[in-house]
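Architecture at a glance
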Amino acid sequence: MKRILFLILVLFVAGACLDDKSNYDYRDINNYDDNKWKITGIGGEYSLFPGESITLTPVVRLSMDTLNPDVEGHWLLDGIEVATGPSYTFEATEYGEYNLVYLATDKKTGVSFPAEADIQVAPPYKFGWLFLSRTASGNSHLSLLAGKKTVLNPDDYATRRDSLIYVDFYTNLGETLLGTGPIKLIEEFAFPGENLTLPSEVMILQESGPIELGGYELDFTGSPLNEFVGEKPNLKIKNAVLGWSSKWLQTDDNQLYFSVSKVLTDLHSGRYSDDPAFNGAKYETLVEGQTAGDSYSVSDVILAIDETNTMWALVNDGSEKSYGDGLMDPRNKIGARARLKNNSSGSFDMTLFNNFTGRYVKHLLVHSNKYFLSLLERDGKYLWHKYLIEVDRSYTVGSEIAVTSSKTGVLAAEMFTDFKDAAFVKGRNTAYEDTEWLFVASGNKLYGTVMKWDEGLVSKDFFTAREDIVSIKARYFYNSLANDSSNKYIHLGVLLVDGTFLVLEVNYDANSATFTTKTIFDKNLKQLDPNIVEVVDMIHKYGAGTNTDGYLN
C-alpha cells in the first residue's frame, strides 16, 4: 500500500510539471521528465530499535542546477507532512513499518522531485539466535545474539538482498522468570490474522516447569501448567510440538497432553485436558512438521513414534470456522490419532513406518507442508527418507491415514562417523525450483548436500571448525529484492564444544558444485556471558510464523 501511495505521488508531481501553464522556457529549467536528476542520501530500507534515531540529509542533483539547486525540502511520513528543510531525524518510538518520502521542490517552478525510504522499527529481541544455558547453580539462563534487518548492496538491483546483521549480545533475559534445570527452547507462532495479539512466543522447557515468554519483549505471557482443565501432571514436560490449532506436551514418561486453541490469534486461549491423550498411550519421539508459514503451508498432522518404532499421525482436529478469522471450531477435546496405511496401489515400504527395525538418526524440521524428512540407519547404510502424510478434509476420527509419498536414498557414510547434528533448508529459488540443502555435522566438520532426490547425491565437507561441533541450526533467506534468482543463501549457526558460536553465511556455487562460506560471527559465549556453564539448546528466532518462509517481516 505504501508503495502504491508513493507511485501516485510520483505521478502527481510529474503531472504538475506537465500542467504548468506559466511562461517558462523549459529548455532552461530543471525538467522532471529528462531523467537527469538524482537524489542520494536517502533510499532503501532502514531498521531501528526503539530509542534509536536516524538523520537523513539528501543530496539533490537536478538537470540544470547540478551543484547548488534552489530547492525546498518537504518530508512526508506515511503520507503526512511532518517537517520541511534539508534534513529530517526519525525517532523510533513505536514498533511498526513506516514510509518516509522526501520532496525536493524546485523554487523556480514548484516541481517536486521525490525520493523515499522504508523504515522498520522492530523489537530488539525479535530476530537473532536465542540460547538456553545452565549456570553453575543449575539455573536456566537466557541470552540472545540480536539481529537487525538490513539491505545489502542496496544500489545494485541484481544483487541487493535482505539480511541480518548481528548488533548486540543480550544476557540475563527474563532472569526473574526462569527456573531451574533447562531442557529446550521452542518458538511458537500465532495465526497471522487481523486479530493477532502477539505474532510469536518462546516456550522454555525446564525441570522446574515450562513457561512462555512474549516474542517481542521476552516477558512472561503464561505457563502451560496453568492452562490445564483440572489437575496438572506431576511429571516434568520434556518436549512439546506447538501448532496453530493445537499444542502437544510430552511428559517424562512419554505420555502426551493435548490442547485445542479456540482462537488462533491468541496462543493462550486453549486448555489442556488433565487426562493423558489416547488413554495414556506412550510415544518416545515427537516429529515436528511445518507449524507456521503463510495461510496455505501448514501441515495437518504431527507425527509421533511409539515404543515399538511405529509412527502415528496426530491430527489437529480443530477446524477454522471460516477461513482467516482465527476462530476454532474444535470437534473434540482429546485430539485424534491415526495409524498409517499404504497407498491404494500398495507401492510403499511400510516397514519404514511400522515396527521400524533400523535406527532413527535425526528427524529434520522442514519449513513446508510438502513433506517430512528423516535420516535413518538400516542394514549398515545411512539413508534419507522423504515422505508425506496428508489428512483428507473429510477425515473421520478412528480411520487410518494413507501415506501419499515415500522415497529413500543413500547418504555418504563418512558424514556419520562422528555424527553430532543435522539441519535442513527448504527455500524458494525460483517459481519452479526449490533450494533444498542438507547439512550434517560430524566431529568438527560440516558436510553439505544438494538434495536432488532422483539423482545420485554428492556430499562434500566444506568447513572445518577449531573444536568439535555440538549443534547446528539453519536460517534461510528468501531474496525478494533482487532479480538474480541464484542469489539465495542461509545463515548457519554452529555451536562448538568449548562454547564458541559461529554464524556462517552459506551459499552454493553451482559452477564449481561447492558450498561457499563467510564467517560473520565468531565468539565464545562463555566469555561474553560468564554465567554460562553449558549451552543446553539454541534456536534461530524468527519473530513471526510467516518469516519461516525466508522473510524478515
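1. Digging into the overall build of the chain
Looking only at helices and strands, the chain has two helices and 40 strands in total. The buried share of the chain, taken over its 553 residues, is 55%. With the model as given, the accessible surface of the chain reaches about 24400 Å², and the carbon-plus-sulfur share is 47%.

2. Topic: the sheet that holds strand β36 (residues 469-477)
Judged by pairing direction, the sheet is antiparallel, and its four strands sit side by side in the order β36-β37-β38-β39 without closing on themselves. Each of the sheet's edge strands pairs with one partner strand only, and the pair in question is β36 and β39 (514-524). Pairwise comparison of adjacent strand axes, ignoring direction, gives a mean angle of 20 degrees for this sheet. As defined by bridge partners, strand β37 (residues 489-496) adjoins strand β38 (residues 500-509) across six bridges and the pair is classed as antiparallel. Its bridge partner being in β38, H491 is matched across the sheet by E505.

3. What about the environment of G398?
One can find G398 in the loop between β30 (381-389) and β31 (401-411). Taking relative accessible area as the criterion, G398 reaches 65% and is therefore assigned exposed. Expressed as a C-alpha distance, the spacing of G398 and R337, which sit 61 residues apart in the sequence, is 7.3 Å.

4. Comments concerning the sheet that holds strand β17 (residues 228-229)
Strand order in the open sheet formed by five strands is β17-β21-β20-β19-β18, and the pairing between neighbours is mixed. The sheet is open, and its two borders are formed by β17 and β18 (237-242), each paired with just one other strand. Pairing geometry for strand β20 (residues 256-260) and strand β21 (residues 271-273), over two bridges, is antiparallel. In the sheet register, S259 faces β21, and the bridge partner there is Y272.

5. Quick word on the confidence of the model for the chain
The pLDDT averaged across the chain works out to 85; a share of 82% of its residues lies at or above 70. Taken as a whole, residues 3-27 scores under 50 in pLDDT and shows 26 contacts with residues more than four places along the chain or in a different chain. Low pLDDT, under 50, characterises residues 319-324; the predicted model gives this stretch 16 contacts beyond four residues in sequence or across chains.

6. Focus: the packing of aromatic side chains
Here the structure, examined in full by the defined rule, presents 32 aromatic pairs. Seen in terms of ring centroids, W75 and Y102 are 4.6 Å apart; in terms of plane orientation they differ by 45 degrees. Their pairing is tilted. Of the two residues, W75 sits in strand β5 (residues 71-77) while Y102 sits in strand β8 (residues 96-106), which places them 27 residues apart along the sequence. A residue is classified by how much of its surface remains accessible, and W75, at 0% relative accessible area, is buried. When the centroid spacing of 6.5 Å and the interplanar angle of 80 degrees are considered together, the rings of F278 and Y283 count as edge-to-face. Accessibility classification places F278 together with Y283 in one group, the buried group. Through pairs of rings, three or more aromatic residues link up here, namely W129, F131, F169, F501 and F521. Positioned over the ring face of F49 is K148, at 4.6 Å from the centre of the ring. A cation over a ring is seen here: R337 above W312, with NZ or CZ 4.3 Å from the ring centre.

7. Regarding the pairing of strand β27 (residues 336-341)
The pairing of strand β24 (residues 311-315) with β27 spans four bridges and is classified as antiparallel. Across the sheet, residue A313 finds its bridge partner in β27, namely A338. The pairing of β27 with β31 spans two bridges and is classified as parallel. What sits directly across from L340, in β31, is I401.

8. Let's talk about the pattern of salt bridges
The tally for this structure, following the rule as stated, stands at 13 salt bridges. Residue E534 is joined to R134 by a salt bridge in which the shortest nitrogen-to-oxygen separation is 2.5 Å. With E534 in strand β40 (residues 534-541) and R134 in strand β10 (residues 128-134), this residue pair connects regions lying 400 residues apart in the sequence. The residue E377 makes a salt bridge to R359 at a minimum N-O spacing of 2.8 Å.

9. Details of unusual backbone geometry
For D78, which is not glycine, the phi torsion reads 50 degrees and is therefore positive. For D78, the position within the fold is in the loop between β5 and β6 (80-84).

10. Here we look at the environment of I237
The topology assignment puts I237 in strand β18. Taking relative accessible area as the criterion, I237 reaches 1% and is therefore assigned buried. Considered as a pair, I237 and P224 are 13 residues apart in the sequence and their alpha carbons are 9.5 Å apart. When near neighbours in sequence (up to four residues on either side) are disregarded, I237 contacts I183, L205, P210, L225, L249, Q250 and T251.

11. Things to note about the side chain of T449
Take T449: it is sitting in strand β34 (residues 445-450). Look at T449 and you get buried, because its relative accessible area is 0%. Excluding residues within four positions of it along the chain, T449 makes contact with M415, E436, W437, L438, L457, V458, S459 and F515.

The rules behind these values
Per chain, residue numbering runs from 1 following the sequence as it is written. Reporting in this predicted model follows two pLDDT cut-offs: at least 70 for local features of residues, and 80 or more for side-chain atom pairs to be given and counted; totals over whole chains, interfaces and linings ignore these cut-offs and use all residues. As a rule here, side-chain values cover all heavy atoms of the structure and leave hydrogens and water aside. Helix and strand definitions here come from DSSP, where helices need a minimum of 4 consecutive H or I residues and strands a minimum of 2 consecutive E residues; each element is numbered from the N-terminal end. Exposure categories follow from relative accessible area, calculated using a 1.4 Å probe and restricted to protein chains: below 20% of the type maximum is buried, above 50% is exposed, and the middle band is partly exposed. Only the protein chains shown count as covering a residue, and every accessible area follows the Shrake-Rupley method with a 1.4 Å probe. A strand pair is defined by DSSP finding two or more bridges across the two strands. Each axis is a line fitted through C-alpha atoms, and for a helix only the stretch in contact is used; angles between axes span 0 to 180 degrees, taken between their N-to-C directions. Think of pLDDT as the predictor's per-residue confidence, scored from 0 to 100. Two residues qualify as a contact provided that any one of their heavy atoms is within 4.5 Å of a heavy atom in the partner residue. Two aromatic rings from Phe, Tyr or Trp, using only the six-membered ring of Trp, form a pair when their centres are within 6.5 Å; if the ring planes differ by under 30 degrees the pair is stacked, by over 60 it is edge-to-face, and anything between is tilted. Two thresholds decide whether a charge sits over a ring: the Lys NZ or Arg CZ must be within 6 Å of the ring centre and within 35 degrees of the ring normal. Here a salt bridge means any side-chain nitrogen of Lys or Arg lying within 4 Å of a carboxyl oxygen belonging to Asp or Glu.

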